[in-house]
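If you want the building blocks of each chain, they are given just below.
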Amino acid sequence: MILALTGFPLVLVSIIAFVLILGLIIIVHEGGHFFFAKKAGILCHEFSIGMGPAIWKKKYGETLLCIRAIPIGGYVSMADEVLVDGLVKKGSKISLNLIDGKVSEILIEENATGQVSGEVVDFDILGKDGNPLYITINDGMQDHYYEVMEDAFFVGKKDERLQLTPYNRCFDSKSILARFLTLVAGAGMNFVLAILIYLIVSFATGVPNLDSNVVGSVSIANTDLIVEVDGEYTTKLLAGDEITSINGQNIESWNDVSTELNKLLANNQTTVQMVVLRNNQEINLEIECYTYIASIGLSNIQYQSKELPEGITNGVILGNIGMNYLNNDHGKYELAAGDIITKVRIDVVNSDKSIDKGQIINVESWSQLIGLFKDVNVANVQFEYYSYEKNGIVSIDDSAVFQTYGNELLENQRIEKIQIKIGMSPEQGFDLFGCIGQAFGNFWNDFTLIFRTLGILIAPQSGFRQVGVSDLSGFVGIFDMIMGFVGSGFLALLSFMALLSVNIGVMNLLPIPALDGGRVIFLVYELITKKKPSKKVEAMVNNIFFILLMVLFVYVTFNDVFRMFK
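Keep in mind that what you see is a predicted model, and the values were worked out from it rather than measured. (Residues numbered from 1 in each chain as written. Predicted model: local features only at pLDDT ≥ 70, side-chain atom pairs only at ≥ 80, totals over all residues. Heavy atoms only, no water.)

Description of the pairing of strand β17 (residues 290–293)
Phase 1 of the analysis: Strand direction decides the pairing type here: β17 and strand β27 (residues 418–421), joined by four bridges, are antiparallel. Considered in β27, the bridge of T291 is made with I420.
Phase 2 of the analysis: Here β17 hands over to strand β18 (residues 298–299) after four residues, with G297 in that stretch at a positive phi of 80°. (Pairing = 2+ DSSP bridges. Helix = DSSP H or I, 4+ residues; strand = E, 2+ residues; numbered from the N terminus.)

Let's talk about the side chain of S295
Phase 1 of the analysis: Relative to the helices and strands, S295 is located in the loop between β17 and β18.
Phase 2 of the analysis: Among residues more than four places away in sequence, those in contact with S295 are F373, Q403, T404, Y405, L410 and K417. (Contact = heavy atoms within 4.5 Å.)

Points about the packing of aromatic side chains
Phase 1 of the analysis: On inspection of all chains with the given rule, the structure shows 13 aromatic pairs.
Phase 2 of the analysis: Centre to centre, the rings of F383 and F402 are 6.0 Å apart; their planes meet at 40°, and the pair counts as tilted. With a gap of 19 residues between them, F383 in strand β24 (residues 379–387) and F402 in strand β26 (residues 401–403) connect regions that are remote in the sequence. Summarising the burial analysis for this pair, F383 and F402 share the class buried.
Phase 3 of the analysis: Among the aromatic residues, those joined into a cluster by ring pairs are F191, F443, W444, F447 and F451.
Phase 4 of the analysis: Above the plane of the ring of F153 lies R161, whose end atom (NZ or CZ) is 4.4 Å from the centre.
Phase 5 of the analysis: Taking NZ or CZ as reference, R519 lies 5.0 Å from the ring centre of F171, over its face. (Phe/Tyr/Trp six-rings, centres within 6.5 Å; stacked < 30°, edge-to-face > 60°. Buried < 20%, exposed > 50% of the residue type's maximum accessible area, 1.4 Å probe, protein only. Lys NZ or Arg CZ within 6 Å of the ring centre and 35° of its normal.)

As for the confidence of the model for the chain
Phase 1 of the analysis: Counting all residues, the mean pLDDT for the chain is 86, and 93% of those residues have values of 70 or more.
Phase 2 of the analysis: Across the chain, helix α3 (residues 176–205) holds the top mean pLDDT of 95, while strand β20 (residues 325–327) sits lowest at 48. (pLDDT = per-residue confidence, 0-100.)

Considerations on the side chain of K174
Phase 1 of the analysis: Examined against the element boundaries, K174 turns out to sit in the loop between β8 (161–163) and α3.
Phase 2 of the analysis: Buried charge without a partner: K174 forms no salt bridge, and the closest opposite charge is E150, 10 Å away.
Phase 3 of the analysis: Here the side chain of K174 touches A40 through a polar contact of 3.2 Å, landing on its backbone oxygen.
Phase 4 of the analysis: Within the structure, K174 has its side chain in polar contact with the backbone oxygen of N168 (distance 2.6 Å).
Phase 5 of the analysis: When residues no more than four places from it in sequence are discounted, the contact partners of K174 are A40, G41, I42, N168 and R179. (Lys, Arg positive; Asp, Glu negative; His and termini not counted. Salt bridge = Lys/Arg side-chain N within 4 Å of Asp/Glu carboxyl O. Polar contact = N/O pair within 3.5 Å; in protein donor to acceptor, adjacent residues only side chain to side chain.)

Topic: the sheet that holds β17
Phase 1 of the analysis: Taken in spatial order, the three strands line up as β18-β17-β27 in an open sheet, and their pairing is antiparallel. Strands with a single pairing partner mark the edges of an open sheet, and in this sheet they are β18 and β27.
Phase 2 of the analysis: Strand direction decides the pairing type here: β17 and β18, joined by two bridges, are antiparallel. When the bridges of β18 are listed, I293 appears paired with L298.
Phase 3 of the analysis: Taken strand by strand, helix α5 (residues 366–373) contacts β17, β18 and β27, and its axis lies near 25° from that of β17. (Axes fitted to C-alpha atoms, helices over the stretch in contact; angles between N-to-C directions.)

Observations regarding the packing of α3 against helix α7 (residues 432–458)
Phase 1 of the analysis: At a closest axis distance of 8 Å, the pairing of α3 and α7 adopts a crossing angle of 135°. Taken together, α3 and α7 sit at an angle that is classed as oblique. Considering how the two elements wind past one another, α3 and α7 form a crossing that is right-handed. Contacts between α3 and α7 pair F191, A194, I195, Y198, L199, S202, F203 and T205 from the former with L432, C435, I436, Q438, A439, F440, N442, F443, D446 and F447 from the latter.
Phase 2 of the analysis: Across the contact of α3 with α7, the residue classes tally to 13 nonpolar, four polar and one charged. (Parallel < 35°, antiparallel > 145°, perpendicular 65-115°, else oblique. Left-handed = near helix turned anticlockwise from the far one by under 90°. Nonpolar A, V, L, I, M, F, W, Y, C, P; charged D, E, K, R; others polar.)

Now the structure itself:
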C-alpha cells in the first residue's frame, strides 16, 4: 500500500520542511560570516536567524543570539564605526556609570540618570590613532575627563545595550583580505553545505553501472509497462532483467541502450521491440515509450488509457502536462490531463518576430507530434481537443494560445527538447570516486545554472525573451516547490536543498550593492585606488539598492501567490 500526503498533512509537513531547510541554509551562511569575522577580531553584536520581532534571544559572550518570527533571511550585526560614531555628539547630554574611575556605561537617553551627568565637550570613543578612549563632559561648573573602558556599553531606551566598539574591533579597521574573506564566507559555506549534501545523496544512491545491461529499477510513469497478471498488477520489465536486444540490435551495456533509444527520436518512433533474459528464459516485449515534448509541455506520462469518445476518430490522450501560457484570456479553454488532442496548428515565430501561419493538421499519434515539433524553435500553438471537463470538442479558435519553449532556453537549462523513455534505470552501485565525482558534477551544474539563467534573462542570444522577471520565484515559490519535493522522498528533498543553498550563495555574490558581492566591489575600489570609498556614498548606494530589492521581492512574491492559486 502506498501512503501519500495530501491536504493539511502535506501543508504541515511542507511548512516544517520549509522552516528547517531555510533555517539550516541561513545558519550556515551567517555562520560563515560570523566565523571569519571573529577570526579577524571583529566585534559581532548580534547573530540573528529570521526577520521581524525577536521570539528568543540569549547573550553568549559578546554576541546576542536571536531567533526572529519570520523564518526568512538573517544577519550578523558587525561593529561599524559610522553606527558607533553617531551615538555620541558634542553638545549632547549624557550620563555615565563608572568602575574604578573609568566609564563602563554611556547612557545616551537625555533624561537617563547615571553616576555623573553633563554635556559632551569632547570625546574619542573609536581610538583610530591608538590613543586611549575618553569622554569629557561639563557638569555645569567645570569639565571632567573620563577614560572609557574598551568593553563599555551604550545604554538606550528600555535599557537596550550595545557594546562600544574601538576602531580596532570594527569591520572597517581590518585588512582588505580579512574583510573579503568575511564577506564571501557566507556564500562559501553555502557551497560547502551543497557539496556535503550531494555527497550524502550520491553515497546513498550510488552511481549507475553503465557497463551492465541489467535493469536496476522500473518506473510506473510509463503506464504501458503496467500489466495485470493473475489479478495483481506488475510491470512488463522487472528489476534484474538482462536486456539482450532492442529493435533487433544486440545490447551489451547501458551505453548500447542509450544509443538505441536515441535512434527512436531520429526516426520519430515511440515503440520498441525488446528481448530480455529473465530466469534464463528469453522474453519478447513490445513497449510503448512514454514521450515528453518539453518545448510545449505535452506528455503521455501516467496517462489514463481509455476508449475514444463517440464521434472522435483520431487523437492522442494527454498525461501529465506543463504548459507555458502565452495568452490565457478569459474564455479561452486550456488543456488538462486526460484530454484528447485531435488537431494542431503551429504558427512559427521568426527571428524578426514575424509569424508564419501554419495549417491545421489532424493528430494521429505521438510519433506524428514528435515529427511536427522536433525542428520547431519558437512557435505559437493552438489545439483542437476533446475536453472531459467541457464534455465536448474545444475548437482551435476557442482554445488558448501556447508558446513553445525555444531551443536556446531548453539547451541553456539542459533540458532535452523531446524525451522518449522506456521507464527503466540501470543498476546503481557504490563507487567511492564515482560518487565523489557525481556529487561535484551535480554541484557544478547547479553553480552554473544560475549564470545560464541570468544570461537568457538579461541578454538572450536568439532575440526571443522567453524568461522574464515575472518568472522568478521567491520564498512563496520556494515553499510551493518544497511541497512538490516532500512527496518525492527524502533524497529528492535533500537535492533541492543543495540546489537552493547554491542559488542563495551565488545570488549573494552578485555585484549588486546591498548584497555581499556589492560590498566586495567597494573593496576592489579600495584595493585599486588605495583609499576607502566615502561611507556616506556607500551607505546611500546600499540603501537605494536595498529598497529596489525589496520592491522586486514584493513583485516576485505577488507572482508566486498568483501562480499558486492559478
